[in-house]
Amino acid sequence: MASQLRNGMLLLSPHLLSRNVVDSGGAVHRCPICCRGYSNARSLEYHKKMHAGLTTCALCGKVTSKVEHLRRHLEHVHKLTQQDIRSIVPTRNKARPPARLV
Ligand SMILES: [Zn+2]
Ligand SMILES: [Zn+2]
């Protein structure tokens, strides 16, 4: 029993391996276009919309990092109504979770 404990000393503690490393190659979701790494899939999905041109302002060409930011940009900078914004910024493939009742 004593010798088994000595062997156990060589194992790394699990919590040492689960560090939140993003910058040093620890990111698991990587953009195939620009190779930028993201720690979670949702951030990468937002980022991919940028490459798809979905976050580019049709009026002034400004590129935002998120579709959400573009909507805000259209609203505050170009003074568009929500209806106009909806017609410019497509809201397809937006799977809304059913539990999210406001
Ligand atoms: Zn990218
Ligand atoms: Zn604009």
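Residues numbered from 1 in each chain as written. Chains lettered and ligands numbered in written order. Predicted model: local features only at pLDDT ≥ 70, side-chain atom pairs only at ≥ 80, totals over all residues.

In the nomenclature of an unreviewed UniProt entry, the chain is known as C2H2-type domain-containing protein of Amphibalanus amphitrite.

**Q** How should the overall build of the chain be read in this particular structure?
**A** When helices and strands are counted, the chain shows five helices and two strands. Its helices and strands in sequence order give the chain the pattern α-α-β-β-α-α-α, from N to C terminus. Counted over contacts in the chain with a minimum sequence separation of 6, partners at least 24 positions apart contribute 4%. (Helix = DSSP H or I, 4+ residues; strand = E, 2+ residues; numbered from the N terminus. Contact = placed C-beta atoms within 7 Å.)

**Q** Would you mind going over the UniProt feature "domain: C2H2-type" (unreviewed entry) in the chain with me for this structure?
**A** Within the UniProt annotation, "domain: C2H2-type" (unreviewed entry) is assigned to residues 29-56 and 55-83. This span, residues 29-56, is 39% helix and 14% strand, and a straight line between its end C-alpha atoms measures 23 Å. With 41% helix and 0% strand, residues 55-83 has end C-alpha atoms that lie 17 Å from one another. (UniProt positions renumbered as here; feature names shortened; annotations may be inferred.)

**Q** What am I meant to see in the confidence of the model for the chain here?
**A** In low-pLDDT segments, the atomic positions of the prediction should not be examined closely. Model confidence for the chain is summarised by a mean pLDDT of 77, while 63% of its residues fall at 70 or above. The weakest mean pLDDT in the chain belongs to helix α2 (residues 14-17) at 46; the strongest belongs to helix α4 (residues 67-76) at 95. The model gives residues 12-24 a pLDDT under 50, and that stretch makes five contacts with residues more than four places away or in other chains. (pLDDT = per-residue confidence, 0-100.)

**Q** Help me out: how do you make sense of α4 in this one?
**A** Think of an α-helix as 3.6 residues a turn; residues three or four steps apart then line up on the same face. Every buried residue of α4 is listed here: Leu70, His73 and Leu74. Projected onto a plane normal to the axis of α4, the buried residues spread over an arc of 95° and lie on a single side. Along its buried surface, α4 packs onto α5 (82-88). (Buried ≥ 20, exposed ≤ 12 C-beta atoms within 10 Å, placed from the backbone. Arc of directions from axis to C-beta.)

**Q** Explain unusual backbone geometry to me, please; I cannot follow it from the model alone.
**A** Glycine aside, the phi torsion of most residues is negative, and most peptide linkages are trans. One non-glycine residue with positive phi stands out, namely cysteine 35, at about 65°. On the basis of neighbour count, cysteine 35 is assigned to the exposed category, with 7 C-beta atoms found within 10 Å. Even without being a glycine, lysine 79 presents a positive backbone phi close to 55°. One can find lysine 79 in the loop between α4 and α5.

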